[in-house]
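Letter by letter, the chains look like this.
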Amino acid sequence: MISTAWWRDFHYEDGVMHVKKTGAEVPVEPGVVGETLNWMVFHARVEVERRRIRRDGPRIWFAPDRPRPWYLIWPVVQLAGFRQAYSPEEADLGFFFEDLTESTPPLAPSGLPLINADCPDVSKSAVGRVFQQVTGRALKVDPTRWDGPMVGKSERNGAHDGRIESGPRAGDGLTWQRLVDNTAPDGCVEDLRCPTVGGEIDVVYLKRRPLEKRFENHNSEVRLLNAADAFSDQERDMIRRFCAAMKLEWGGLDVLRDRRDGALWIVDVNKTDMGPPIALSISDKLDSTRRLGTMLRRHAERIIAGSLTNA
């Protein structure tokens, strides 16, 4: 699989890097530069390793976009031995990939399995609706009636624009969720980022940040956990049912554990998540990427076999 000219996705102007596809704006500052250099070390390791791997996996066609190297799916397919298909006709399976909150799956030939084809909407409202459907617990709140702290966010995926307000108050065009107290004993907030494949979880990224940086995307520490150590069997079953209801075959879940009662809340879904997290050690980056690759290849081969059986 050949890298695309990914640098063309950006436009630099007045100290800000603009991402053409999503409209995101990233100020170029020392912290961002340091994280970019950290990522480039991992990217270089993946480039070296992928040249040693036998490319004997399924031929995968990404549409409407091909993932760039900073998306988690890119190193995963590299280290799992997938082959790049440049058209649906030469592919064994397709992968619906577009870094937008709501989008329309591409047209694919009849009989070609398409990962994430039935998951076009990962907005905050959609996540809240499915979470309540699966668990019976409401994540979304009415800001004009909610009495207490709540979190306001835009519907757009990956915006990191959350803010805490006390209700009741006007909605201001945002989606509002209950505030989950995910603070650790040392005062840091802890997020559980869970990459999922076919609803299953193997690796969990425990992301830690100072409380005052709760909604930022820069972590002070990231630890790699095994899913069995992070969640009970019942919790993993709930996550599995959530993914099935969301029709999410590949994607990252942001899961919070409320320290008051230990309850889990799925607060965000990203089909095009980036990673592995920058603050993770290089060895854990590679380990988790290989493990996800094994899961994805098994899932892909299983759905390809199913499509041939049903043909």
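These numbers come from a predicted model, not from an experiment.

**Digging into helix α3 (residues 124-135)**
Right, on to step 1. End to end, α3 covers 16 Å across twelve residues, agreeing with the expected 16 Å (1.5 Å per residue, within 8%).
Right, on to step 2. Those residues of α3 lying buried are Lys 124, Ser 125, Ala 126, Val 127, Gly 128, Val 130, Phe 131 and Val 134.
Right, on to step 3. Against β8 (148-153), β10 (175-178), α5 (233-246) and β16 (264-270) lie the buried residues of α3.
Right, on to step 4. The first or second residue beyond α3 is Gly 136, which carries a positive phi of 80°.

**A short note on the sheet that holds β10**
Right, on to step 1. If you trace the three strands from one edge of the open sheet to the other, you get β9-β8-β10, paired in antiparallel fashion. The strands lining the two open edges of the sheet, one partner per strand, are β9 (163-167) and β10. Going from strand to strand, the sheet's axes swing by 40° on average, the running direction of each strand aside.
Right, on to step 2. For β8 and β9, the ladder comprises five bridges, and the chain directions are antiparallel.

**A look at the state of the cysteines**
Right, on to step 1. Under the defined criterion, the tally for this structure stands at zero disulfides.
Right, on to step 2. With no disulfide of its own, Cys 243 lies closest to Cys 194 among cysteine sulfurs, the gap being 9.0 Å.

**Brief notes about a nonpolar patch on the surface**
Right, on to step 1. Among the surface-exposed residues, Val 33, Leu 37 and Met 40 lie close enough to one another that they form a single nonpolar patch of about 270 Å² accessible area.
Right, on to step 2. Here Val 33 lies in helix α1 (residues 30-50).
Right, on to step 3. When its relative accessible area of 38% is taken as the criterion, Val 33 is described as partly exposed.

Thresholds, definitions, all that
Along each chain, residue indices are assigned from 1 in the same order as the chain's sequence is written. With pLDDT at 70 or above as the cut-off, local features in this predicted model cover only qualifying residues; side-chain atom pairs require 80 or more to be listed or tallied, and sums for whole chains, interfaces and linings still use all residues. Only hydrogens and water are set aside; all other atoms, that is, all heavy atoms of the structure, feed into the side-chain values. Each helix is a run of H or I in the DSSP string that is no shorter than four residues. Each strand is a run of E no shorter than two, and both are numbered from the N terminus. Between the first and last residue of a helix there are one fewer steps than residues, each counted as 1.5 Å, and that sum is the expected span. Exposure is judged per residue with a 1.4 Å probe applied to protein chains only, and the accessible area is read against the type maximum: over 50% gives exposed, under 20% gives buried, and values in between give partly exposed. Working rule for contacts: check all heavy atoms of both residues, and any pair within 4.5 Å makes them a contact. Criterion used throughout: strands pair if DSSP finds at least two bridges between them. To get an axis, fit a line to the C-alpha atoms, keeping to the stretch in contact for a helix; angles then go from 0 to 180 degrees between the N-to-C directions. A pair of sulfur atoms, both from cysteines and within 2.5 Å, is called a disulfide here. Surface patches are defined over residues having more than 30% relative accessible area and no salt bridge, joining like charges when they lie within 9 Å and nonpolar side chains (Val, Leu, Ile, Met, Phe, Trp, Tyr) when within 5 Å. In these tables, accessible area is a Shrake-Rupley quantity obtained with a 1.4 Å probe, and a residue counts as shielded only by the protein chains included in the view. One side-chain nitrogen of Lys or Arg within 4 Å of one carboxyl oxygen of Asp or Glu is enough to make a salt bridge.

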